[in-house]
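So the chains spell out like this:
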Amino acid sequence: MTWRSPLALVRDALQGQRARERELRSLVSNLLYEGLEKAKQPNRFFLSNAIKTTKYSLLLFLPMNLYEQFHRFANLYFVGIAILNFIPVVNAFQPEVALIPICVILLLTALKDGWEDFRRYQSDRKVNNTPCFIYSRYKQYVERRWKDVRVGDFVRVVSNEIVPADLLLLYSSNPNGVCHIETANLDGETNLKQRTVVSGLWAANLGFEPESFNSVVVCERPNNNLNHFKCFVEKPDKDKVGASIESLLLRGCTVRNTNHAVGFVVYAGHETKSMLNSNGSRYKRSKLERKLNADVFFCLLLLFTMCLIGAFGHYLWLESLPGVPSFLVPDSNGHLDVPSLESFYMFITMIILLQILIPISLYVSVELVKVGQIFFITNDIDLYDEETDSRIQCRALNITEDLGQIEYIFSDKTGTLTENKMVFRRCSVMGTEYPHKENAIRLDVMDEPESEEEVIFNQHQQLPRTRWSLESEGISPADTQQHGRRRKSKVAANAHSDVAFSSPLETEVIPDQKLLQQISRAESSGGRRDGNRNFDPHLDFFLALAICNTVVVSMENAHRQRVTGAFFQRNKWNRTRSEDPVIDSAKTENEADTNELQTCSLHPPSQNGSTIAEAEELCYEAESPDEAALVYAARAYGFILLARTPDSVTVRLPSGEDLVFEVLDTLTFDSNRKRMSVLVRHPVTKDYVLYTKGADYSIMELLGTPYAENVSGIEKNIAADTQYHLDCYAKDGLRTLCITKKVVSESTYQSWLGERKRAQAAMECREELIMRTAVQLETNLTLLGATGIEDRLQENVPDSIVALREAGIHVWVLTGDKPETAVNIGYACRLLEEEDLVINMSCKNKVTCTSNLDCTLEEVRRYGDDLRNIGTTQNISLVIDGNTLDIAMSPDLQQRFIELTKHCRSVLCCRVTPLQKSAVVKLVRDKLKVMTLAVGDGANDVNMIQAADIGIGISGQEGMQAVMASDFAISRFKHLKKLILVHGHWCYTRLANMIIYFFYKNVAYVNLLFWYQFFCGFTATTMFDYWQMIFFNLFFTSTPPIMFGIFDKDVSVEVLQGVPELYRTGQRKGEYNFLTFWISILDAFYQSLVCFFIPYLAYQDSDVDLFTFGMPLNTAALFAILLHLAIEIKSWTLVHWAIMLGSVALYFVVTLAYTAGCVTCNPPSNPYWILQSQMADPIFYLIVTLCTVVALLPRYSPPLCICRQLDRMDPSTRDQWIKEWRGFRGGAPAKRYELPDPPSPTLETPVDFFPDFLPDSDFMGDDLSLNVIAESRQRAVHT
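- If you look the chain up in an unreviewed UniProt entry, it shows as Phospholipid-transporting ATPase from Xiphophorus maculatus.
- Under Sequence similarities (unreviewed entry), UniProt gives the following word-for-word description of the chain: "Belongs to the cation transport ATPase (P-type) (TC 3.A.3) family. Type IV subfamily."
- The Cofactor (unreviewed entry) comment attached to the chain in UniProt states, word for word, "Mg(2+)".

In structure tokens, the structure reads:
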């Protein structure tokens, strides 16, 4: 290795930093520079592919870990106290003894950190040594390790292999230049994605030769955005070819269904997008932890106050001495320090003596308790989802107690409240509505309860059955629930599939007979073959459904092999259809039933050599459930998507003829346009056709003249009729999409294509330019029709929302759906109730919005100020759209908007964007100073989840982005009920009471030393042995509070779920507040006074020595502290008994052994045989018993709250009581009355306390009325 001067190394480091910080990077191939020294390689400034996630090195572990631990104020405080104890003039203990507690804490923490870092080191080593293939100058691919990959290398990846770095795709073995990848390791999405080779670099029919690549790759600086990538390749002739994320293979992705591919390394190691997104565990400070830190500060003030009293008392004692006593030893010069200086020294000595007033083990105990709480949460069988084989994940380890203090919940709708299984229900084509009644009957059968006789029609993914109809079988709709070949509904509807959005519930569609006949007439009329005329609009409608999407087509029998490795946690979806026993058995039944089904077809089988079986084996992998539902709907009518490449889409018509459409461009969906388009060249008419689908409000304003030459006068109002159908769909809770078509002229296309290429090659404002070209083309659209897709509510969502509201939690739903759809779902999930007054706010401008806010607020306040309405609940709900929400959140209207929402028990925000979701959460959190929780399932919910105090991700069908950004992950919304109402309540009450107990325990024990100072001249003398003081906190009383924080249950699961109002005890101030903290401190002072002065009075005027006097105090304090905890424990188990009795036994065993062997361990005073002598004296037992009884006397009153009395009832009696109380609460009059908050499970309530229900006359208040838009709805609730 060539020696280089330090100056040259510094210069290279600065150059490298500047090169990495540039906005654009120019990269060249490494082949020409292979073998040269590093200083001559052009890509040397960029990071290598080796990764290092460890925090420490072997040599620097100790200093770095200590430095990190000393960032905790408590550790720094105790180390400082231990150092002070080495100063002879102020020391209170033996210096070595004072170091033991803090050393034990630091050692345990260091061992934990070291073990975690060692595991990271092992993982890094395995990843860095993974083999890969890199092209060398010897014109062959050689095997290297991932850590050897550098920017500018050519890397070859094969099928089922993980991509080692971010590669710009230059070659694929697929003849269409496509490489399929799976991104489950990055975002959890299991559907395949297509990546295309950078076009225009060489002929597609020639093999790729890396040594001939002499272009320059210019790309943007690395960032963590997984969905965007800016790059262009500059050829030697200065021609630029744009590239985007569609040509980038990300590190961590897996190559699928592609033999091999070659890529150029643009980012390596820690600069890859996957590594930039690896943030590890999220760290948040809980509300309880912030309160704990404040109380530690109060304890510090209390400590200094006690030390000041001690110093002042010592000064007065020295001043009161008539002479110089013999026990005061002068210095080497024979002089004594003046009293003022002695009192200063005594102040420091008292700090050392009373240091345990600050609980040294509290922070460690809190961490242990949280680990135990997380263990029980993750192993709760009720939070396990059998269908997805998943349980709850706790990704943030230190905010479990915040689950018990939630006041506002913000929820997404699609995939969170609903299944995200999109079912095609209805459609409107050219102004005519087709209700699909037969399909509705099939879905109703699926919803019926399971029994041996109740099964559904055998509708697996086979083409003959997609054309089957009830009429063709001679079966009337009334007989469908009793006749026909059927399968069990739940098995068919929920059968697990390896491919997202492909359950039978989603894929099977029974065509509408009227629409089927219309398509048949359109096909037989020959209009589809006349090049001088447009395709029939009915055919165009289904062609648009099949073409306008990004669905990837593969074969069902294409098995995805898994590459196992310790460096990635893989999802368990790699089973093929034949490997799933449920699917396999269903398939067998299908095959048995096929022969008995008489199917009908529009046309004879295909004559081009293709068989029906080939279409049956197709597998559709969609990025969204809407796309999958529409493709399967088109397939049901015979429009089968057969293949998709970057340049073409192949669709089979009902006649069996295959049409290959040349794909000219795809205008992808974005949240601004709310639509997507595909520009194709029609193989029959040779026209340039733009198929577009999107939200109705984004499509209707772009319409042109619809088929003017083909429609009659009655059908001129197609747009109006379709809009009416869309409104009806939305009121029924269906998701709506509009389908359009546009024929683009040759000249228009060529002009637009030039602008499109320039936009794709731009490095500045590329997204804006690309979107502008898309908007430019999407004008004067021709309306074909609309679709209505149902997204069903998840199980038990209404019950969960009602329980959360009864718990005092405000529930907001933020959705991108149109208001009609959102309101319908709101009633179905009981976010809105029939008796609610619904305020609809939809304003076009700020003036109207301001007026509406002011008027509504005035009416609400007037209602609240009315004396007749005091004590009543205002059942008000707010529905607001995205545009109005933007206006209401402007700085001058924020306060009025927040004031209005405080009076609403539910808020439904429609047409909101992801950014608006996060802005709403931040506004409520910051303005109201409340604890917020956000729950969502998709990438559009990530901002909202991260903005809330607690983020909950639902592992649904749209990938794992929400889960990866969350603090907790669940699989069903119904799990939120138990997670919050039960585990949240337990975690908070346990931890709050444990922290209060910790402060009480330390203050009570320290005060024993403090009271003695009044009788020893404030000389910091102790009546306990030093080792016993250390053992008391480290061993004798440390485990019981941890056990208490992990296992205690103040109220049972059944009562917490049956009476959600109990959850309110943790909201706002909760059980751990300023009052409860200082009450516990005063209780500690009282108990310490009792435990000190009873032994003092008993031994007064006796000749007992110091340790003999201290032993009963120590023992009485132990029993008082442990029995205090025993009174606090609400549910006793074997673990409680073992730990409590074990602590007492440990005290006596250790103390007896220590006093028996400690002959000269603490000269001149030694506690030799002290306890043995005491235990032989009856006075010892009398003192200990009397002290314990008197100290705990205030806690001997028989308090019992109503919820604990319910726990002691017989389960059937308890359930009946809760049911009757719930029935009373659920009555119409009771809903108008605001019952008082229930008593805290830990607060004391008399045994005979039961709420005296108020007479009916107390509930006869005036009904609420506001001058706003309200709805009184009487409808059946659809779940």
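### Section: the pattern of salt bridges
And then number 1: Counted by the stated rule, this structure contains 41 salt bridges.
And then number 2: With a closest N to O distance of 3.8 Å, glutamate 899 and lysine 902 form a salt bridge. One end of the pair, glutamate 899, and the other, lysine 902, are both in helix H27 (residues 894-902), three residues apart, so they sit about a helical turn from each other.
And then number 3: For lysine 902, a relative accessible area of 42% translates into the label partly exposed.
And then number 4: Notably, a salt bridge pairs aspartate 941 with lysine 917, separated by 2.8 Å at the nearest N-O pair. Of the two residues, aspartate 941 is situated in the loop between strand S33 (932-936) and helix H29 (942-947) and lysine 917 in helix H28 (residues 914-928); the sequence distance between them amounts to 24 residues.
And then number 5: One network of salt bridges, with partners in common, ties together Lys413, Asp626, Arg735 and Asp817.

### Observations regarding the nonpolar core
And then number 1: Leu354, Met994, Ile995, Phe999, Met1023 and Tyr1072 are the most contacted members of the largest nonpolar core, which totals 105 residues.
And then number 2: If one sorts the elements of this core by residue count, helix H31 (residues 975-1013) sits on top with 19 residues.
And then number 3: Apart from residues lying up to four places away in sequence, methionine 994 is in contact with Leu362, Ser365, Val366, Val369, Pro1041, Ile1042, Phe1044 and Gly1045.
And then number 4: If you look at the next biggest cluster of nonpolar residues, it comprises 73 residues, including Leu543, Val551, Tyr688 and Ile789.

### Description of the sheet that holds strand S6 (residues 178-182)
And then number 1: An order of S7-S6-S12 is seen for the three strands of this open sheet, with the pairing classed as antiparallel. Among the strands making up the open sheet, the edge pair consists of strand S7 (192-196) and strand S12 (254-256). Each neighbouring strand pair of the sheet contributes to a mean axis angle of 45 degrees, computed without reference to strand direction.
And then number 2: Bridge count between S6 and S12: three bridges; the pairing is antiparallel. The residue bridging histidine 180 from the neighbouring strand is arginine 256, located in S12.

### As for the environment of leucine 726
And then number 1: The topology assignment puts leucine 726 in helix H20 (residues 718-731).
And then number 2: Between the alpha carbons of leucine 726 and glutamate 433 there is a distance of 9.9 Å; along the sequence they are 293 residues apart.
And then number 3: Look past the residues within four positions of leucine 726 in its chain and what remains in contact with it is Asp696, Met700, Thr736, Leu737, Cys738, Ala786 and Lys818.

### Observations concerning the environment of phenylalanine 1024
And then number 1: Within the secondary structure, phenylalanine 1024 is located in the loop between H31 and helix H32 (1026-1036).
And then number 2: Relative accessible area serves as the criterion here: at 2%, phenylalanine 1024 is assigned to the buried category.
And then number 3: The sequence separation of phenylalanine 1024 and leucine 1113 amounts to 89 residues, and the corresponding C-alpha distance is 8.8 Å.
And then number 4: The contact partners of phenylalanine 1024, leaving out residues within four places of it in the chain, are Tyr1005, Leu1008, Leu1009, Met1029, Phe1107, Gly1110, Leu1113 and Asn1114.

### Let's talk about unusual backbone geometry
And then number 1: The backbone of asparagine 796 sits at a positive phi, close to 65 degrees, despite the residue not being glycine.
And then number 2: Within the secondary structure, asparagine 796 sits in the loop between strand S28 (782-793) and helix H23 (797-806).
And then number 3: A residue is classified by how much of its surface remains accessible, and asparagine 796, at 36% relative accessible area, is partly exposed.
And then number 4: The phi angle at alanine 1020 is positive, at roughly 60 degrees, despite the residue not being glycine.

About the criteria used
Every chain is numbered on its own, with residues counted from 1 as its sequence reads. Since the coordinates come from a predicted model, pLDDT governs what is reported: local features require at least 70, and pairs of side-chain atoms require 80 or more to be given and counted, while whole-chain, interface and lining totals use all residues. Hydrogens and water molecules were not included; the side-chain quantities draw on all heavy atoms of the structure. UniProt positions are given in the numbering used here, feature names are shortened, and annotations may be inferred rather than shown by experiment. Take a side-chain nitrogen of Lys or Arg and a carboxyl oxygen of Asp or Glu: if they are within 4 Å of each other, that pair is a salt bridge. Counting from the N terminus, the helices are DSSP H or I runs at least four residues long and the strands are E runs at least two residues long. A simple rule labels every residue: compare its accessible area, found with a 1.4 Å probe on the protein chains alone, to the largest value its type can have, and call it buried under 20%, exposed over 50%, or partly exposed in between. Nonpolar cores are built from buried Ala, Val, Leu, Ile, Met, Phe, Trp, Tyr and Cys residues. Side-chain atoms within 4.5 Å join them into one set. In this description, contact between two residues means that some pair of their heavy atoms is separated by no more than 4.5 Å. A strand pair is defined by DSSP finding two or more bridges across the two strands. Throughout, an axis means a line fitted to C-alpha atoms (over the contacting stretch in the case of helices), and angles, computed between N-to-C directions, take values from 0 to 180 degrees.

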